[in-house]
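Notes for the structure review
Listed here are the chains, written in short residue letters.
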Amino acid sequence: MSVIYRPALARDLEFADSLVVSSINNLTERHGFGPMAARSPTLFQQFSLKDDADGLWVAEEDERILGFAWSWVCDDMWFLAQLFVSPDHQGRGIGNELIARTLDHAEKSGASNRVLITFSFNTVSQGLYIRQGMFPRFPIYSVSASREQLTGSWNGSRYDVTPLEEDAGTLRRLAEADRRVLGVSREKHHRYLINNGGVRGFNLYDGNDWAGYAYIDAGGHVGPLAVIEPHAAAAALTTALHLAAESGASRISAFLPGAGEAALKTAMKHGMRIKFPMLLMSSREFGNWAQYLPRNPGFM
Ligand SMILES: CC(C)(COP(=O)(O)OP(=O)(O)OC[C@H]1O[C@@H](n2cnc3c(N)ncnc32)[C@H](O)[C@@H]1OP(=O)(O)O)[C@@H](O)C(=O)NCCC(=O)NCCS
């Protein structure tokens, strides 16, 4: 049987997620990092599928899904959230075919920048992306610490916080902050996060001044986080780590761009450890990465 490539359907998403988890863990275990991924509800995939179905593709043979690709677009930025092939079918050209379909999505959307986050130890994915015109820009570290480790070292200034609400004024402010920091509005993604029960969003205030925003999830993970001035990064991350620790989660984690010195210093000062080195690749330079912490490799 030959492999067919077709648009993903809602009923494919659960299976695609288990394929992605097994492909990630196969890769991280082969490289000595141990397992990285676990199954989770496919809420963001479902959101993306409803929002813009052109970005989600499956590779199928004998009615078995062997590969999954998923991209989303905000303004002129196309982002490859996932590209995964079942470990026993890698090296057959499936990744190449899937990425060609998702790049058609970028073309159709008129996106001038193409972006993704991959594993810095995966030579195959990086080779594939470089050939498609996306180049390595900087590392991103997935870091974590136990709550006890973190709370043993509290110091540094913090900001006041209020919960993010889905009102027009807040959404406008969030969109403006993202335009300033990332160059694109992510208003639809803020709506998604604010309405996602497992995540809490906060306005960050430096006195009376709005400094940025931070999201914390039920598992103690921080991000996305953005600040409108570079000097605010350390206090914003300290504030977010406090909020995550107060939530009672046993581990606290974040995703820190190597280009953000203040956030990296803050995390190390609090005893956080690097778990996985990742890499941002893009077709051109963009963003103020000392002012933004991505949520994860799929959300950015
Ligand atoms: C990365 C991945 C999606 C690629 O899919 P695949 O079906 O195995 O890849 P393909 O067979 O289509 O192509 C791989 C290409 O990489 C090239 N490649 C392999 N090793 C390479 C290296 N060390 N340097 C440069 N290129 C390399 C191959 O030559 C091939 O290109 P070609 O067909 O033009 O010669 C798949 O291997 C995978 O799921 N890996 C684990 C998870 C992962 O890292 N996903 C990416 C997350 S962003």
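In this text the structure is predicted, and so the values were computed from the model without any measurement.

**A few points about the sheet that holds strand β10 (residues 222–227)**
Taken together, 5 strands build an open sheet; the order of strands is β7-β8-β9-β10-β13 and the sheet is antiparallel. Each end of this open sheet is capped by a strand with a single partner; those strands are β7 (160–163) and β13 (292–293). Alignment of β10 against β13, held across 2 bridges, turns out to be antiparallel. Considered in β13, the bridge of L225 is made with L293.

**Concerning the site of the ligand**
Residues in close proximity to the ligand total 21 residues, the closest being Q90, G95, N96, T123 and G127. For the shell around the ligand, the elements supplying multiple residues, two or more each, are α1 (13–30), β4 (77–85), α3 (94–109), β5 (113–119) and α4 (123–131). In terms of residue count, α4 provides more of the shell around the ligand than any other element does, 5 residues in total. Split by residue class, the shell around the ligand holds 9 nonpolar, 11 polar and 1 charged.

**Quick look at the domain arrangement of the protein**
One can read the domain layout of the protein as domain 1 (4–111) and domain 2 (143–293). Here the C-alpha centre of domain 2 lies 26 Å away from the C-alpha centre of domain 1. Opposite the 11 residues of domain 1 that make contact, domain 2 presents 7 residues. Broken down by element, the residue count for the side of domain 1 that touches domain 2 peaks at 4 residues, all from helix α2 (residues 43–51). Within the side of domain 1 that touches domain 2, the residues separate by chemical class into 7 nonpolar, 1 polar and 3 charged.

**What about the sheet that holds strand β11 (residues 251–257)?**
With mixed pairing, 8 strands are arranged side by side in an open sheet as β1-β2-β3-β4-β5-β12-β6-β11. Either end of the sheet is taken by a strand with one partner, and the two such strands are β1 (4–7) and β11. Across this sheet, the average inter-strand angle for adjacent strands is 25°, counted without regard to direction. Pairing geometry for β5 and strand β12 (residues 273–282), over 5 bridges, is antiparallel. In the sheet register, F119 faces β12, and the bridge partner there is M278. Sitting on the sheet, α1 is in contact with β2 (56–61), β3 (64–74), β4, β5 and β12, with an inclination near 95° to β3.

**Some remarks on the pairing of strand β6 (residues 135–146)**
Where β6 lies against β12, 9 bridges are found, and the strand directions are antiparallel. What sits directly across from V143, in β12, is I274. With 7 bridges joining them, β6 and β11 adopt antiparallel strand pairing. From the neighbouring strand, A145 faces β11, where its bridge partner is I252.

**Observations regarding the pairing of strand β9 (residues 209–217)**
Bridging between strand β8 (residues 199–206) and β9 involves 8 bridges; their strand directions are antiparallel. Along β9, the bridge assignment pairs L204 with G212. Counting the residues that bridge the hairpin from β8 to β9 gives 2 residues, and of these G207 lies at a positive phi of roughly 65°. Relative to β10, β9 runs antiparallel, the two sharing 4 bridges. Considered in β10, the bridge of G212 is made with V227. Two successive antiparallel strands, β9 and β10, enclose a turn made up of 4 residues, where G220 displays a positive phi of approximately 85°.

**Details of the environment of I117**
Tracing the backbone through its elements, the reader meets I117 in strand β5. Residues I117 and Q82 lie 35 residues apart in sequence; the distance between their C-alpha atoms is 9.0 Å. The residues contacting I117, other than those within four sequence positions of it, are I140, M278, L279, L280, P294, P297 and M300.

**Topic: the nonpolar core**
Of all hydrophobic cores here, the largest spans 89 residues; its most connected members are A214, A236 and L256. Looking at this core, the element that brings in the most residues is helix α8 (residues 233–246), giving 9 residues. With residues up to four places along the chain from it excluded, the contact list for L256 reads I140, Y141, V143, A263, L264, A267 and L293.

**What to know about helix α6 (residues 168–182)**
End to end, α6 covers 20 Å across 15 residues, agreeing with the expected 21 Å (1.5 Å per residue, within 8%). Within the sequence span of α6, burial applies to L174, A177, D178, V181 and L182. The buried residues of α6 occupy an angular sector of 95° when projected down its axis, which confines them to one face. Of the exposed residues in α6, those oriented more than 90 degrees away from the buried face are A168, G169 and R172. Contacts from the buried residues of α6 go to α7 (187–194), β9, β10 and β13. After α6 finishes, the residue G183 shows a positive phi value of roughly 90°.

About the cut-offs
- Residues numbered from 1 in each chain as written.
- Predicted model: local features only at pLDDT ≥ 70, side-chain atom pairs only at ≥ 80, totals over all residues.
- Pairing = 2+ DSSP bridges.
- Helix = DSSP H or I, 4+ residues; strand = E, 2+ residues; numbered from the N terminus.
- Near = placed C-beta within 6 Å.
- Nonpolar A, V, L, I, M, F, W, Y, C, P; charged D, E, K, R; others polar.
- Domains from an automatic or database assignment.
- Contact = placed C-beta atoms within 7 Å.
- Axes fitted to C-alpha atoms, helices over the stretch in contact; angles between N-to-C directions.
- Core = buried A, V, L, I, M, F, W, Y, C linked by C-beta atoms within 7 Å.
- Buried ≥ 20, exposed ≤ 12 C-beta atoms within 10 Å, placed from the backbone.
- Expected span 1.5 Å × (residues − 1).
- Arc of directions from axis to C-beta.

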